[in-house]
Amino acid sequence: MTVWDDLVGQDRVREQLGAAARDADALVTAQSDRTPVPSGSKMTHAWLFTGPPGSGRSTAARAFAAALQCTSPDRALGGEPGCGFCDGCHTALIGTHADVDVIRTEMLSIGVKETRELVRRAQLSPAVGRWQVIVMEDADRLTEGAGNVLLKAVEEPAPRTVWLLCAPSLEDVLPTIRSRCRHLTLSTPRVDAVADMLVRRDGVDPERAASAARATQGHIGRARRLATDERARARRAAVLKLPLRVQDVGGCLKAAQELIDTANDDAKQAAEEVDGKETEELKAALGAAAGGRMPRGTAGVMKELEDKQKRRRTRTQRDSLDLALTELTGFYRDVLALQLGSRTALANTDVRDALDRIAGASAPEHTLRRIEAVIACRKALDRNVAPLLAVEAMTMALRAG
């Protein structure tokens with residue numbers, strides 16, 4: 001099983017990355033043997049992976065990072081870099097390779113301070129591997145100041161440093177950065193390909209895998225979670241009941257509050273799993289006494305951790321709400337398909353009765369306005385509108401149609 005096996009439905013991208021990995025291997029070998037470097041190399045120091053959510057941007061970047069670190073002896077016999085079994089591939093994929101940094105933020109943005117530290121590390125030579133690889137999964141979350149800090153490193157990279165940036169689209173990255181990167185576009189994989197991957201890699205029952213892949217319309221991460229997490233399935237079922245509950249003002253307000261409460265519960269659960277451990281580890285590092293008393297001068301450090309945890313909870317809540325809104329959009333998309341007699345495959349066949357009921361009780365123009373209301377709610381949340389107010393406005397608009 002090679003490092004490329006998780007790139008679902010991305011044959012063109014796989015070919016490009018494989019060719020670049022071969023040239024990168026030849027480049028390292030040529031430099032170590034003091035022979036001329038091959039001309040026309042497909043390898044470069046900075047890459048930008050774009051594609052819709054769930055297309056596998058970060059998966060492609062991590063696979064490429066592993067292929068760059070591949071130490072399989074088969075390469076000398078003409079084998080492809082990225083065997084998936086050698087120490088270089090294995091440690092890069094599981095996140096323990098000394099020369100592969102995977103940056104994924106749990107905050108709303110990536111600031112200047114974090115980026116400067118990342119740039120400093122990128123200037124170092126590889127410690128044990130063949131390349132120093134920086135994978136930034138959320139390049140679209142860089143603040144403007146952080147993007148300008150990163151620009152200098154991308155413009156003048158260290159000889160063996162490779163930047164792998166991931167973002168939903170080119171417009172989410174500063175023009176000055178994207179102009180210095182080689183661009184790869186990933187597409188949403190086919191539903192049947194995602195279902196096959198769930199069966200093959202996660203051991204999911206074929207029927208459940210097909211249902212999860214269809215419900216998420218090929219979003220790999222959401223499909224995996226829906227197929228393997230009972231709690232995720234229960235939450236989705238509750239969200240898809242919302243269109244039937246907004247028949248009066250009271251139902252609208254109650255449904256909105258329940259959506260917010262569910263998002264808060266998700267944030268609280270995530271915080272309970274991480275915050276306590278982080279706090280205790282920091283206290284121990286600062287030399288807290290057995291009774292819990294902190295040494296003098298450490299209050300600022302603890303306050304900084306508390307602020308970080310608060311921002312993480314906010315993002316978790318926003319991500320949970322955004323997922324619910326995405327599922328609502330998919331529901332009304334199916335309603336519109338039924339109303340227009342489209343042959344497009346329905347995503348939410350498990351709630352076909354609710355789809356038929358809503359489709360029969362309204363016209364296509366009402367459905368379009370409802371989809372616009374969901375989109376408006378997502379935009380309001382992006383502008384930091386109070387979540388409850390934004391969701392209440394949406395549910396009232398869904399009722400009006």
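Owing to the predicted nature of the structure, the values given are computational and were not obtained by experimental measurement.

1. Focus: the overall build of the chain
Piece 1. Of the regular secondary structure elements, the chain holds 15 helices and five strands.
Piece 2. With respect to the three principal axes, the spread of C-alpha positions in the chain is 75 × 60 × 40 Å.
Piece 3. Sorting the 401 residues of the chain into buried and exposed places 44% on the buried side.
Piece 4. For the chain, long-range pairs separated by at least 24 residues make up 72% of all intrachain contacts whose partners lie at least 6 apart in sequence.

2. Digging into the nonpolar core
Piece 1. Of all hydrophobic cores here, the largest spans 35 residues; its most connected members are L17, W47, F49, F64 and L164.
Piece 2. Elements represented by at least two residues in this core include exactly α1 (11-33), β1 (46-50), α2 (57-68), α3 (87-94), β3 (132-136) and β4 (161-167).
Piece 3. Broken down by element, this core gets its largest block of residues, eight residues, from α2.
Piece 4. Counting residues in each nonpolar core, the second largest holds 34 residues, with A255, A373, V391 and L398 among its members.

3. Quick look at unusual backbone geometry
Piece 1. The residue Q217 is not glycine, and still its phi comes out positive at about 55 degrees.
Piece 2. For Q217, the position within the fold is in the loop between α8 (206-215) and α9 (220-228).
Piece 3. For Q217, a relative accessible area of 34% corresponds to the partly exposed category.
Piece 4. Positive phi values are uncommon outside glycine, yet N384 reaches one of about 65 degrees.
Piece 5. Within the secondary structure, N384 sits in the loop between α14 (364-382) and α15 (387-400).
Piece 6. Here N384 falls in the exposed class, since its relative accessible area comes to 54%.

4. Concerning α14
Piece 1. Its 19 residues place the ends of α14 27 Å apart at the C-alpha level, agreeing with the 27 Å of an ideal helix rising 1.5 Å per residue.
Piece 2. Elements in contact with the buried residues of α14: α12 (299-340), α13 (352-361) and α15.
Piece 3. Of the residues flanking the end of α14, it is N384, one or two places downstream, whose phi is positive at about 65 degrees.

5. A look at the pattern of salt bridges
Piece 1. This model, assessed by the stated rule, comprises 20 salt bridges.
Piece 2. The salt bridge partner of D101 is R121, with a shortest N-O separation of 3.4 Å. Here the residue D101 occupies a position in strand β2 (residues 100-103), and R121 occupies one in helix α4 (residues 112-122), the gap between them amounting to 20 residues.
Piece 3. Judged by its relative accessible area of 24%, R121 is partly exposed.
Piece 4. Measuring nitrogen to oxygen at the nearest pair gives 2.7 Å for the salt bridge that ties R245 to E258. Residue R245 is found in the loop between α10 (230-240) and α11 (249-286), and its partner E258 is found in helix α11; the two are separated by 13 residues along the sequence.
Piece 5. A residue is classified by how much of its surface remains accessible, and E258, at 32% relative accessible area, is partly exposed.

6. Let's talk about the packing of aromatic side chains
Pairs of aromatic rings are described using the distance from one ring centre to the other and the angle between the two planes.
Piece 1. Here the structure, examined in full by the defined rule, presents two aromatic pairs.
Piece 2. Seen in terms of ring centroids, W47 and F64 are 5.1 Å apart; in terms of plane orientation they differ by 70 degrees. Their pairing is edge-to-face. Of this pair, W47 sits in strand β1 while F64 sits in helix α2, and the two are 17 residues apart along the sequence.
Piece 3. Classification of W47 as buried rests on a relative accessible area of 1%.
Piece 4. A relative accessible area of 0% means that F64 is categorised as buried.
Piece 5. With 5.5 Å between their ring centres and 85 degrees between their planes, F331 and Y332 make a pair best called edge-to-face.
Piece 6. For Y332, a relative accessible area of 1% corresponds to the buried category.
Piece 7. The aromatic ring of W131 is capped on one face by R160, whose charged end is 5.8 Å from the ring centroid.

7. Concerning the packing of α12 against α13
Piece 1. One can describe the packing of α12 onto α13 by two numbers: an axis separation of 9 Å at closest approach and a directional angle of 60 degrees. Relative to α13, α12 is oriented oblique. Here α12 and α13 pass one another in a crossing that is right-handed. Residue-level contacts link F331, Y332, D334, V335, L338 and Q339 of α12 to R352, A354, L355, D356, I358 and A359 of α13.
Piece 2. Tallied by class, the residues present in the contact of α12 with α13 amount to eight nonpolar, one polar and three charged.

8. Observations regarding the confidence of the model for the chain
Piece 1. Across the chain, the average pLDDT comes to 86, with 95% of residues at or above 70.
Piece 2. Low pLDDT, under 50, characterises residues 33-38; the predicted model gives this stretch seven contacts beyond four residues in sequence or across chains.

9. Quick look at the side chain of R222
Piece 1. Structurally, R222 is set in helix α9.
Piece 2. It is E327 that comes nearest to the buried, bridge-free R222 among opposite-charge side chains, at 4.6 Å.
Piece 3. Setting aside its immediate chain neighbours within four residues, R222 contacts A215, T216, L323, T326 and E327.

10. Focus: the environment of S58
Piece 1. Looking at where S58 falls in the secondary structure, it is placed in helix α2.
Piece 2. In this structure the C-alpha to C-alpha distance between S58 and S362, which are 304 residues apart in sequence, comes to 41 Å.
Piece 3. Contacts of S58, omitting those with residues within four sequence positions, involve E137 and C166.

Rules behind the numbers
- All residue numbers refer to position in the chain's written sequence, counted from 1.
- Reporting of local features is limited, given that this is a predicted model, to residues whose pLDDT is at least 70; pairs of side-chain atoms are given and counted only at 80 or more, and all residues count toward the totals for whole chains, interfaces and linings.
- To get the side-chain values, all heavy atoms of the structure are used, and hydrogens and water are removed first.
- Helix numbering and strand numbering both begin at the N terminus, where a helix is a DSSP run of H or I of at least 4 residues and a strand a DSSP run of E of at least 2.
- For every residue, the accessible area obtained with a 1.4 Å probe (protein chains only) is divided by the maximum for its type, and the residue is called buried under 20%, exposed over 50%, and partly exposed between those limits.
- Here, two residues are considered to be in contact whenever any of their heavy atoms come within 4.5 Å of each other.
- The criterion is simple. A nonpolar core is a set of buried Ala, Val, Leu, Ile, Met, Phe, Trp, Tyr and Cys residues joined through side-chain atoms within 4.5 Å.
- Expected span, for any helix, means 1.5 Å times one less than how many residues it has.
- Salt bridge criterion: a side-chain nitrogen from Lys or Arg within 4 Å of a carboxyl oxygen from Asp or Glu.
- Within 6.5 Å between ring centres, the rings of Phe, Tyr and Trp (the latter by its six-membered ring) count as paired, and their orientation is classed by plane angle as stacked under 30 degrees, edge-to-face over 60, tilted in between.
- Placement of a positive charge over a ring is assigned whenever Lys NZ or Arg CZ falls within 6 Å of the ring centre and within 35 degrees of the normal to the ring plane.
- Throughout, an axis means a line fitted to C-alpha atoms (over the contacting stretch in the case of helices), and angles, computed between N-to-C directions, take values from 0 to 180 degrees.
- Relative orientations are named as follows: roughly parallel for angles under 35 degrees, roughly antiparallel for angles over 145 degrees, roughly perpendicular for angles from 65 to 115 degrees, and oblique for any other angle.
- With the far helix as reference, a near helix turned anticlockwise by less than a right angle produces a left-handed crossing, and one turned clockwise produces a right-handed crossing.
- The residue classification treats Ala, Val, Leu, Ile, Met, Phe, Trp, Tyr, Cys and Pro as nonpolar and Asp, Glu, Lys and Arg as charged. All others, Gly included, are polar.
- Per residue, pLDDT measures the predictor's confidence, with a range of 0 to 100.
- Asp and Glu are treated as the negative residues and Lys and Arg as the positive ones, with His and the ends of the chain left uncounted.

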